[in-house]
Amino acid sequence: MEYSLLCHSSLHHACPSSSPAIKKKLLLLGVMFLLWVYMLYSCVGYCSGMPGGLVVVDDSHQGGGKEGTGSEPVVGKRTDNSRVDLMSRLMPIKPQQPQPQQQQAWIDDAEADYDEPSVRTAVSRDEVEVDRTSSDDWDGEVATREEEQQQEEQHHQEQHQHQRSAEPSAMSSFSNGSGSKKLPQAIIIGVKKGGTRALLEFLRVHPDIRAVGAEPHFFDRNYNNGLEWYRELMPKTLEGQITMEKTPSYFVTREAPARISAMSRDTKLIVVVRDPVTRAISDYTQTLSKKPDIPSFESLTFKNRTTGLIDTSWSAIQIGIYAKHLDNWLQYFPMGQILFVSGERLITDPAGELGRVQDFLGLKRIITDKHFYFNQTKGFPCLKKAEGSSKPHCLGKTKGRTHPNINPEVVQRLRDFYRPFNMKFYQMTGHNFGWD
């Protein structure tokens, strides 16, 4: 007689303790088996729906084909009857390395995603056209808008050669897409004719810095347009990248500190300063290039030439009183949130100054001496040509104008005028710029 019958007859007293345990074990095994079958079925279904590049087919079973050699598996080929070996589906497949043409196509697509938006498509030309009187650099007016656009296009081509070899990860691309527009975390706020254009162009070599090319003038002229208008002017950035802009007139705009603080108290501010006497002459030189009939530098400098009283209402003189303007900024931002870059050292030691800026922004020091060479004709450093580029990347050809000859007595009178303001500025910043 079978065991089950014995359990219900003479041996019934020995079964109650074991029969339930056996049934539970059998039930558990059955459930586990069903789960295993379900998971296997799901995996097979998923693998069969994967792209062809993830399927391995051994052409030796089909007589060999053009894609295979008979003994080597072919990646991306599927049989007509879809009978693919299960183990081949489940085995991890090493993806093919893209060919050079495929890599270049990917780079072109990525570069298209990184292209900065045209300011003129977001707002009328009159509102955000580069301010010819507010633009800055050592010796000359800002390049024409067409030249700036050409420089930006060339810069993006060069920058791509310098970017990190590791492209954004799949997880980063999944979470960020092609990036998003953010309000700037850092702003170059001044000063005019101090070297802000050069600093911005140098910083844009860094793969973790994205900056708008034209000066937005949001916090001094276009504030009524609102923050969303301002945000739309910014380039797209990925996680870990910093959005920047530069408008040198912010430093002398009384309302700018409060407005930037209202946007974000954590905004990092960068000020490029230069010997105020040399800066004033450079400012005058730029204006003279556009208006040759303006009065002489001497006549604009003094209210009264006989008494030697300086006319501080002239913007070329007023901008150089750095201590006065800094007082206004310190009401809204701590000194540790403001970095002062030497315009002179930006010429003589660009890598050193760029190192300080990268540290201030919390970025790795990627921009170094190897990125620069000194242009003897222009009299300032340029970026060396990037790999694959046909020529170096310099500022506009209108940069580097020769200063007019100024009476040495006028220059000395200006130095005497600025000296006490410079000393106060040295004390406030804790740095002696050596202008006296």
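The structure we're discussing is the one just above.
The text that follows walks through the structure, step by step, so that each part is easy to find. (Residues numbered from 1 in each chain as written. Predicted model: local features only at pLDDT ≥ 70, side-chain atom pairs only at ≥ 80, totals over all residues. Heavy atoms only, no water.)

Focus on the overall build of the protein
Phase 1: Summing up its helical and strand segments, the protein has 18 helices and 13 strands in all.
Phase 2: Within the span of the protein, comprising 436 residues, buried residues form 45% of the whole.
Phase 3: The long-range fraction of contacts in the protein, counting pairs at least 24 apart against all pairs at least 6 apart in sequence, stands at 72%.
Phase 4: Carbon and sulfur atoms provide 54% of the accessible area of the protein, an area that totals close to 23,400 Å². (Helix = DSSP H or I, 4+ residues; strand = E, 2+ residues; numbered from the N terminus. Buried < 20%, exposed > 50% of the residue type's maximum accessible area, 1.4 Å probe, protein only. Contact = heavy atoms within 4.5 Å. Areas by Shrake-Rupley, 256 points an atom, 1.4 Å probe, with all protein chains shown as cover.)

A look at the packing of helix α9 (residues 196-203) against helix α17 (residues 350-360)
Phase 1: Orientation of α9 relative to α17, taken along the N-to-C sense of each, is 75°, at an axis distance of 11 Å. One finds that α9 runs roughly perpendicular with respect to α17. Along its contact with α9, which presents Leu199, Phe202 and Leu203, the element α17 presents Pro350, Leu354 and Val357.
Phase 2: Among the residues making up the contact of α9 with α17, the classes are represented as six nonpolar, no polar and no charged. (Axes fitted to C-alpha atoms, helices over the stretch in contact; angles between N-to-C directions. Parallel < 35°, antiparallel > 145°, perpendicular 65-115°, else oblique. Nonpolar A, V, L, I, M, F, W, Y, C, P; charged D, E, K, R; others polar.)

Some words on the pairing of strand β12 (residues 372-375)
Phase 1: Across four bridges, the pairing between β12 and strand β13 (residues 380-383) is antiparallel. Paired with Asn375 across the bridge in β13 is Phe380.
Phase 2: Where β12 hands over to β13, the hairpin turn is made up of four residues, of which Gly379 adopts a positive phi near 85°. (Pairing = 2+ DSSP bridges.)

Focus: the nonpolar core
Phase 1: Formed by 32 residues in total, the largest nonpolar core has its most connected members in Ile189, Phe219, Tyr230, Tyr250, Ile260, Trp329 and Phe425.
Phase 2: Of all the secondary-structure elements, those providing two or more residues to this core are β4 (186-190), α10 (227-233), α11 (256-263), β8 (268-273), α15 (322-329), β11 (338-342) and α18 (408-429).
Phase 3: Among the elements that take part in this core, α15 stands out by supplying four residues, more than any other.
Phase 4: Excluding residues that lie within four positions of it along the chain, Ile260 makes contacts with Ile187, Ile189, Phe219, Tyr250, Thr267, Leu269, Trp329 and Phe333.
Phase 5: Formed by 26 residues, the second largest nonpolar core is a distinct cluster that contains Val205, Ile270, Val272 and Val357. (Core = buried A, V, L, I, M, F, W, Y, C linked by side-chain atoms within 4.5 Å.)

Let's talk about the packing of aromatic side chains
Phase 1: Tallied over the entire structure, the rule returns 22 aromatic pairs.
Phase 2: Summarising the aromatic geometry, the rings of Phe219 and Tyr230 are spaced 5.2 Å apart at their centres and angled 75° between planes, so their arrangement reads as edge-to-face. Of this pair, Phe219 sits in the loop between β5 (209-211) and α10 while Tyr230 sits in helix α10, and the two are 11 residues apart along the sequence.
Phase 3: Residue classification places Tyr230 among the buried positions, given a relative accessible area of 0%.
Phase 4: Judged by centre distance (5.0 Å) and plane angle (15°), the rings of Phe433 and Trp435 are stacked.
Phase 5: Since its relative accessible area comes to 11%, Phe433 is described here as buried.
Phase 6: Accessibility expressed as a relative area gives 5% for Trp435, which makes it buried.
Phase 7: Counting every residue linked through ring pairs, the aromatic cluster contains Phe218, Phe219, Tyr223, Trp229, Tyr230 and Tyr250. (Phe/Tyr/Trp six-rings, centres within 6.5 Å; stacked < 30°, edge-to-face > 60°.)

Looking at the sheet that holds β4
Phase 1: Strand order in this open sheet of five strands is β5-β7-β4-β8-β11, and the pairing throughout is parallel. Sheet topology places β5 and β11 at the edges, where each strand pairs with a single neighbour. Taken pair by pair, the neighbouring strands of this sheet meet at an average axis angle of 25°, ignoring direction.
Phase 2: The sheet contact formed by β5 and strand β7 (residues 242-246) spans three bridges and is parallel. Of the residues in β7, the one forming a bridge with Arg210 is Thr243.

Comments concerning the pairing of β7
Phase 1: Of all five residues in β7, five are buried; the element is thus mostly enclosed.
Phase 2: Burial of β7 is two-sided: the residues Ile242, Met244 and Lys246 facing one way and the residues Thr243 and Glu245 facing the other way are all buried.
Phase 3: Bridging between β4 and β7 involves three bridges; their strand directions are parallel. Its bridge partner being in β7, Ile188 is matched across the sheet by Lys246.

Quick word on a nonpolar patch on the surface
Phase 1: Nonpolar side chains collect at one region of the surface, where Ile22, Leu26, Leu28, Leu29 and Met32 lie side by side and expose about 520 Å² of accessible area between them.
Phase 2: Tracing the sequence through the fold places Leu28 in helix α2 (residues 19-48). (Patch = residues over 30% accessible without salt bridge, like charges linked within 9 Å, V, L, I, M, F, W, Y side chains within 5 Å. Salt bridge = Lys/Arg side-chain N within 4 Å of Asp/Glu carboxyl O.)

Quick look at unusual backbone geometry
Phase 1: Following Gly190, the chain continues into Val191 via a peptide bond in cis, with omega recorded as -5°.
Phase 2: With respect to the secondary-structure elements, Val191 resides in the loop between β4 and α9.
Phase 3: One non-glycine residue, His217, adopts positive backbone phi at about 55°.
Phase 4: Mapped onto the elements, His217 comes out in the loop between β5 and α10.
Phase 5: We classify His217 as buried; its relative accessible area is 1%.

Things to note about α18
Phase 1: Between its terminal C-alpha atoms α18 stretches 29 Å, which fits the 32 Å expected from 22 residues at 1.5 Å a residue.
Phase 2: Taking the largest bend as the criterion, α18 deviates by roughly 40°, centred on Arg419, and proline Pro420 comes between one and four positions later.
Phase 3: Within α18, burial applies to Val410, Val411, Leu414, Phe417, Tyr418, Asn422, Phe425, Tyr426, Met428 and Thr429.
Phase 4: Its side-chain oxygen at 2.9 Å from the backbone nitrogen of Glu409, Asn407 defines the N-terminal cap of α18. (Expected span 1.5 Å × (residues − 1). Bend = angle between axes of the 7 residues up to and from the residue. Polar contact = N/O pair within 3.5 Å; in protein donor to acceptor, adjacent residues only side chain to side chain.)

Thoughts on the side chain of Asn375
Phase 1: Relative to the helices and strands, Asn375 resides in strand β12.
Phase 2: The class of Asn375 is buried, set by a relative accessible area of 13%.
Phase 3: Here Asn375 is in contact with Phe380, Pro381, Cys382 and Cys394, once residues within four sequence places are set aside.

A word on the packing of α15 against α18
Phase 1: α18 packs onto α15 with a crossing angle of 35° between their chain directions and a minimal axis gap of 8 Å. Facing α15, whose interface residues are Tyr322, Ala323, Leu326 and Asp327, α18 presents Phe421, Lys424, Phe425, Met428 and Thr429.

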